[in-house]
Amino acid sequence: MTMYAALLRGINVGGSRKLPMADLRTLMTGLGLDDVRTYLQSGQAVFSSAHGDEDSLAADLMAAIEGQFGFRVDVIVRDHAYLRAVAGACPFPAAELEGKQLHVTYFSEQVGPERFAEIDPAAYAPEEFRLGDRALYLYAPEGLGRSKLAEVLSRPRVNKGVIATSRNWNTVVKLVELTGG
């Protein structure tokens, strides 16, 4: 059995696309997933499965959510080893920063630097971003809510063709812990 995290994009924010975590746990258990737990209300669930295919696990979960709740939710599923590797590869001094200053955007597939070529990093200093393995690390000293760079990085034109969902560093670390067994 492998431990995974399911990252759901854009639920329970702004009063729309409500998906109670208890209902999500029930739905996931009904799909045959084991050890299902949720973290916060913003769309993180951890589970174990012998299935082993992140993409089909995500597709099954997306279809089940749409079937039961009537709206589409983008889902990325990643295993513990990947989550640990992303946290370990952080190019910023995570231990010296507040959780709200550092974020990871997880992508459904690898993205290259050409996707961000139109963004002038100097225009957003001291904010900065770096690419990783199917991830983008964002340092936003004033937090995500005040970040001009985060606004540019989240534009549909930049993320066209991929699922992208962001988590603050506290959640990144917690997901590593929760999927660790």
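Scope of this entry: the structure provided in the associated data block. Being a predicted model, the structure only gives us computed values, none of them experimental.

1. Brief notes about the packing of aromatic side chains
Logical step 1: Taken as a whole and assessed by the stated rule, the structure comprises five aromatic pairs.
Logical step 2: Arranged with centres 5.4 Å apart and planes meeting at 20 degrees, the rings of tyrosine 4 and phenylalanine 47 form a pair that is stacked. Placement of tyrosine 4 in strand E1 (residues 2–8) and of phenylalanine 47 in strand E3 (residues 44–49) is noted, with a sequence separation of 43 residues between them. Residues tyrosine 4 and phenylalanine 47 agree in their burial class; the two are buried.
Logical step 3: Between phenylalanine 69 and phenylalanine 71, the aromatic rings sit 6.3 Å apart at their centres with planes inclined by 40 degrees, giving tilted as the arrangement.
Logical step 4: Cation over ring: arginine 78 sits above tyrosine 82, and NZ or CZ is 5.4 Å from the ring centre.

2. Quick notes on the side chain of asparagine 159
Logical step 1: Its location among the elements puts asparagine 159 in the loop between helix H4 (148–153) and strand E8 (164–168).
Logical step 2: If near-sequence neighbours (up to four positions away) are discounted, asparagine 159 is found in contact with Phe107, Arg115, Leu153, Ser154 and Ala164.

3. A look at the sheet that holds E3
Logical step 1: If you walk across this open sheet you meet the four strands as E2-E3-E1-E4, and the pairing is antiparallel. The outermost strands of the open sheet, each flanked by one partner alone, are strand E2 (34–39) and strand E4 (75–79). Strand-to-strand twist across the sheet, computed as the mean angle between neighbouring axes with direction ignored, equals 20 degrees.
Logical step 2: Against the sheet, helix H2 (residues 54–69) contacts E1, E3 and E4, and its axis sits at roughly 145 degrees relative to E4.
Logical step 3: In the packing of helix H5 (residues 169–179) onto the sheet, the strands contacted are E1, E2 and E3, and the crossing angle to E1 comes to about 150 degrees.

4. Remarks on the packing of helix H1 (residues 21–30) against H2
Logical step 1: Remark: H1 packs on H2, axes separated minimally by 11 Å, with the N-to-C direction vectors making an angle of 120 degrees. Between H1 and H2, the crossing angle belongs to the class labelled oblique. The handedness of the crossing between H1 and H2 comes out as right-handed. Here Asp23, Leu24, Leu27 and Met28 of H1 come into contact with H2, specifically with Leu61, Ala64, Ile65, Gln68 and Phe69.
Logical step 2: For the contact of H1 with H2, a count of residues per class yields seven nonpolar, one polar and one charged.

5. Comments concerning the sheet that holds strand E7 (residues 135–139)
Logical step 1: Strand order in the open sheet made by the four strands is E6-E7-E5-E8, with antiparallel pairing throughout. Only two strands of the sheet have a single partner each, and these edge strands are strand E6 (128–132) and E8. Going across the sheet, the axis of each strand differs from the next one's by a mean of 20 degrees, ignoring polarity.
Logical step 2: Packing of helix H3 (residues 80–88) onto the sheet brings it into contact with strand E5 (102–107) and E7, and relative to E5 it is tilted by some 140 degrees.

6. Some words on the nonpolar core
Logical step 1: With 24 residues, the main nonpolar core has Leu83, Val86, Cys90, Val104, Tyr106 and Trp169 as its most contacted residues.
Logical step 2: Elements supplying a minimum of two residues to this core: E1, H3, E5, E7 and H5.
Logical step 3: Looking at this core element by element, the count peaks at five residues for H5.
Logical step 4: In this view, valine 86 contacts Val104, Tyr106, Asp133, Ala135 and Tyr137; residues no more than four positions away in its chain are not counted.
Logical step 5: The next biggest cluster of nonpolar side chains, apart from the first, holds 23 residues, and it includes Ala6, Ile11, Leu57 and Val75.

7. Some details on the packing of H3 against H5
Logical step 1: Where H3 meets H5, the axes come as close as 9 Å, and the angle between the chain directions of the two elements is 145 degrees. As H3 packs across H5, the resulting crossing turns out to be left-handed. Along its contact with H3, which presents His80, Leu83, Arg84 and Ala87, the element H5 presents Trp169, Val172, Leu175, Val176 and Thr179.

8. Here we look at the pairing of E7
Two faces make up the sheet, and in a regular strand the side chains alternate between them.
Logical step 1: Among the five residues in E7, five count as buried, and that is most of the element.
Logical step 2: Where E5 and E7 come together, five bridges link them in antiparallel fashion. Bridge pairing in E7 places histidine 103 opposite leucine 138.
Logical step 3: Direction of pairing for E6 relative to E7: antiparallel, over a ladder of five bridges. Following the sheet pairing, glutamate 128 is matched in E7 by tyrosine 139.
Logical step 4: Hairpin connection of E6 to E7: two residues between the antiparallel strands, including arginine 134 at a positive phi of 55 degrees.

Analysis parameters
- Residues numbered from 1 in each chain as written.
- Predicted model: local features only at pLDDT ≥ 70, side-chain atom pairs only at ≥ 80, totals over all residues.
- Heavy atoms only, no water.
- Phe/Tyr/Trp six-rings, centres within 6.5 Å; stacked < 30°, edge-to-face > 60°.
- Helix = DSSP H or I, 4+ residues; strand = E, 2+ residues; numbered from the N terminus.
- Buried < 20%, exposed > 50% of the residue type's maximum accessible area, 1.4 Å probe, protein only.
- Lys NZ or Arg CZ within 6 Å of the ring centre and 35° of its normal.
- Contact = heavy atoms within 4.5 Å.
- Pairing = 2+ DSSP bridges.
- Axes fitted to C-alpha atoms, helices over the stretch in contact; angles between N-to-C directions.
- Parallel < 35°, antiparallel > 145°, perpendicular 65-115°, else oblique.
- Left-handed = near helix turned anticlockwise from the far one by under 90°.
- Nonpolar A, V, L, I, M, F, W, Y, C, P; charged D, E, K, R; others polar.
- Core = buried A, V, L, I, M, F, W, Y, C linked by side-chain atoms within 4.5 Å.

The analysis is restricted to geometry; functional conclusions fall outside its scope.
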